[in-house]
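# Per-entry structural report
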Amino acid sequence: MSNAAEIPLLVRDYFWKPKWKKEALGTLKGGQKFLNYKRDLLEQDRVDEISSRIKDLKEVIRKRDQDGVKEACKQLQGTCEHSLKSYRPPDALADNLEVFFVAIAVALGIRAYYVQPFRIPTGSMQPTLNGIIGNSIEDPDWKKPNILKQGFEKLTEGRTYVKAIAPADTEIIDVREKRWFWFFTKTDVFFANGQKIRLNGSPNAVINGLGMGKKLNFYSNDGENYGFVAGGNRRFPVKKGRVLAQGWVDTGDLVLVDKFSYHFRTPKRGEVFVFETRGIERIVSEARMNDQNRGSHYIKRLVGVPGDSLQVQAPSLFINGKLASEPGMKRVMSLENGYQGYFNAPEIVSRTQKRPQGYRTALNTPTSKIELAKGNGKDQYFAMGDNSANSSDSRYWGPVDEYLLVGPGLFTLWPIENFGFIR
């Protein structure tokens, strides 16, 4: 191994060196990798010989002896090649592929155990976090801005402009969501004549936000498959050239979720957190009844921890009989900067969806309370959106069991205007 004095020299030589030094350092790196990777397959005398050749090469590199370097490289390569019968020096492609796959393995490991990107799909956490939101423009003569403005707003605000026009005299027969990784959410609109158009934004943003549903007299039920399609017998006629939807769509914030902390600390009341939904029966049941594929993770604010008693008296949230004092919840109750306070959940949640049999909402009146279980492996947490009036949360589908917790929201990566730590 190099001593402390050798390291600066080798680093300097790597970046400011003639060709012979670059080749020598490449050979040195290859010999060291061979020794590290194959040590368990080598006889001890071979290990000692390769180590000696590496030491000799380092010495002549230090002395800048070009002839000595050439000979030392030859000796090191020969020793490695004859140490194992099946050994063949890796070519440049193999070496680069190795680096590539190691990088992928590291990235996947970080994503699985430490931090994971997460796209905010809806507006339930506004204004703390922004979901995919559509805003319609009714002017029939409206045109998209120039390409420079579109590019700037895409970078800074995550904004995309949309103008959808019917391609023919036909019928809309299907509307479906298309997701690519964490970064892109699109809406595919299918027509009876076999044509399809793809729009930026989620179906909910396109249909509700851009006014497509209002124009055609249907509405989103906030899933990937829509009621008017799932029934199979409703189609919506359109005329060629008709504007179906126009305006702009702001993409959902891209955030990093800390998957590490909850292994070493208990979740804190007031923090934004992410949890699995596959174990929440009411969410799963609704998705099944409406022929939808709900997202597997939700992000909300953790307003109640095991043992808490919760009560909502709009716009306030009371915890164990006292007004919530955590900074995040105080902002929601302030009724400032876009926050609207907390609301009771109505008994009838939606006119467009059937609820599982026996369904009841929690905190549906100013006097109703909910007690969260604690102990015996049954700890429960209560999740609510900061946009309480427009949030599907624990008021509707119940508390979140501890085993479903993923971790706290850590950082907003994009768009640039929202860059920073999540509070």
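Residues numbered from 1 in each chain as written. Predicted model: local features only at pLDDT ≥ 70, side-chain atom pairs only at ≥ 80, totals over all residues. Heavy atoms only, no water.

What the protein contains, in helices and strands, is 12 helices and 19 strands. Across the 423 residues of the protein, 46% fall into the buried class. Long-range contacts, defined here as pairs at least 24 residues apart, represent 65% of the contacts in the protein between residues at least 6 apart. (Helix = DSSP H or I, 4+ residues; strand = E, 2+ residues; numbered from the N terminus. Buried < 20%, exposed > 50% of the residue type's maximum accessible area, 1.4 Å probe, protein only. Contact = heavy atoms within 4.5 Å.)

What follows covers empty space enclosed by the protein. Counted by the stated rule, this structure contains 2 cavities of 30 Å³ or more. Estimates place the volume of the second largest cavity at around 30 Å³. As for the second largest cavity, its lining consists of Q116, F118, V257, V274, H297 and V406. (1 Å grid on protein atoms, 1.4 Å probe; cavity = no way out; pocket = protein on both sides within 12 Å on 5 of 7 lines; lining within 4 Å. Points joined across faces, edges and corners; volume = space filled by probe spheres on them.)

As enumerated under the stated definition, the model contains 8 aromatic pairs in all. Consider the rings of F275 and Y298, whose centres lie 6.2 Å apart with planes at 70 degrees: the pair is edge-to-face. With F275 in strand β10 (residues 272-276) and Y298 in strand β11 (residues 297-304), the pair connects residues that are 23 residues apart, well separated along the chain. Side by side, F275 and Y298 carry an identical accessibility label, which is buried. In this structure Y298 comes out as buried when scored by relative accessible area, which is 15%. By way of ring pairs, the aromatic residues F273, F275, Y298 and W397 are connected into one cluster. One Lys or Arg, R159, reaches over the ring of W248 and ends 3.6 Å from the middle of that ring. A cation over a ring is seen here: K300 above Y298, with NZ or CZ 5.7 Å from the ring centre. (Phe/Tyr/Trp six-rings, centres within 6.5 Å; stacked < 30°, edge-to-face > 60°. Lys NZ or Arg CZ within 6 Å of the ring centre and 35° of its normal.)

A sheet is described by the order of its strands in space; here 4 strands give the open sequence β14-β13-β12-β15, paired in antiparallel fashion. Each end of this open sheet is capped by a strand with a single partner; those strands are β14 (322-323) and β15 (370-371). Sheet analysis places strand β12 (residues 309-313) next to strand β13 (residues 316-319), joined by 4 bridges and oriented antiparallel. Bridging across to β13, V312 finds its partner in L317. (Pairing = 2+ DSSP bridges.)

Position of S316 relative to the elements: it lies in strand β13. Apart from residues lying up to four places away in sequence, S316 is in contact with Q311, L323, M333 and Y342.

Here the focus is the pattern of salt bridges. Evaluation of the coordinates by the stated rule reveals 16 salt bridges. Here D174 and R176 are joined by a salt bridge, their closest N and O atoms 2.9 Å apart. Among the residues examined, R176 registers a relative accessible area of 36% and is labelled partly exposed. What emerges from the salt-bridge pattern is a single network uniting R46, E49 and R53. (Salt bridge = Lys/Arg side-chain N within 4 Å of Asp/Glu carboxyl O.)

This part is about the nonpolar core. By size, the foremost hydrophobic cluster in this structure holds 20 residues, and its most contacted members are I172, V189, F191, I197, L199 and L244. Going through the elements one at a time, β3 (159-165), β4 (170-180), β5 (184-191), β6 (196-200), α7 (203-209), β7 (236-238) and β8 (243-250) are the ones with two or more residues in this core. Setting aside residues no more than four positions away along its own chain, F191 makes contact with P167, T170, E171, I172, I173, K196, I197, V238 and L244. Formed by 19 residues, the second largest nonpolar core is a distinct cluster that contains F34, L42, C73 and L76. (Core = buried A, V, L, I, M, F, W, Y, C linked by side-chain atoms within 4.5 Å.)

With that settled, consider the confidence of the model for the protein. Per-residue confidence for the protein gives a mean pLDDT of 80; residues scoring 70 or more make up 77%. Considering only residues more than four positions removed or in separate chains, one finds that residues 1-14, a stretch of pLDDT under 50, has 16 contacts. (pLDDT = per-residue confidence, 0-100.)

Glancing now at the environment of V303. For V303, the location among the structural elements is in strand β11. The class of V303 is buried, set by a relative accessible area of 0%. Between the C-alpha atom of V303 and that of G270, which follows or precedes it by 33 residues, the distance is 5.4 Å. Every residue in contact with V303, bar those within four places of it in the chain, is listed here: R269, D308, L310, L317, I319, M329, Y342, F382 and M384.

Another point: helix α4 (residues 66-81). An ideal rise of 1.5 Å per residue puts 22 Å on 16 residues; α4 measures up with 23 Å between its terminal C-alpha atoms. Among the residues of α4, those classed as buried are G68, V69, A72, C73, L76, T79 and C80. Here the buried residues of α4 occupy an arc of 135 degrees about the axis, which is enough to place them on one side. The exposed set on the far side of α4, more than 90 degrees from its buried face, consists of D67, K70 and K74. (Expected span 1.5 Å × (residues − 1). Arc of directions from axis to C-beta.)

This part takes up the side chain of T170. Counting through the fold element by element, T170 comes out in strand β4. T170 sits in the buried class, given a relative accessible area of 10%. Here N193 takes part through its backbone nitrogen, which lies 3.4 Å from a polar atom of the side chain of T170. In this structure T170 touches F191, A192, N193, F236, P237 and V238, once residues within four positions along its chain are discounted. (Polar contact = N/O pair within 3.5 Å; in protein donor to acceptor, adjacent residues only side chain to side chain.)

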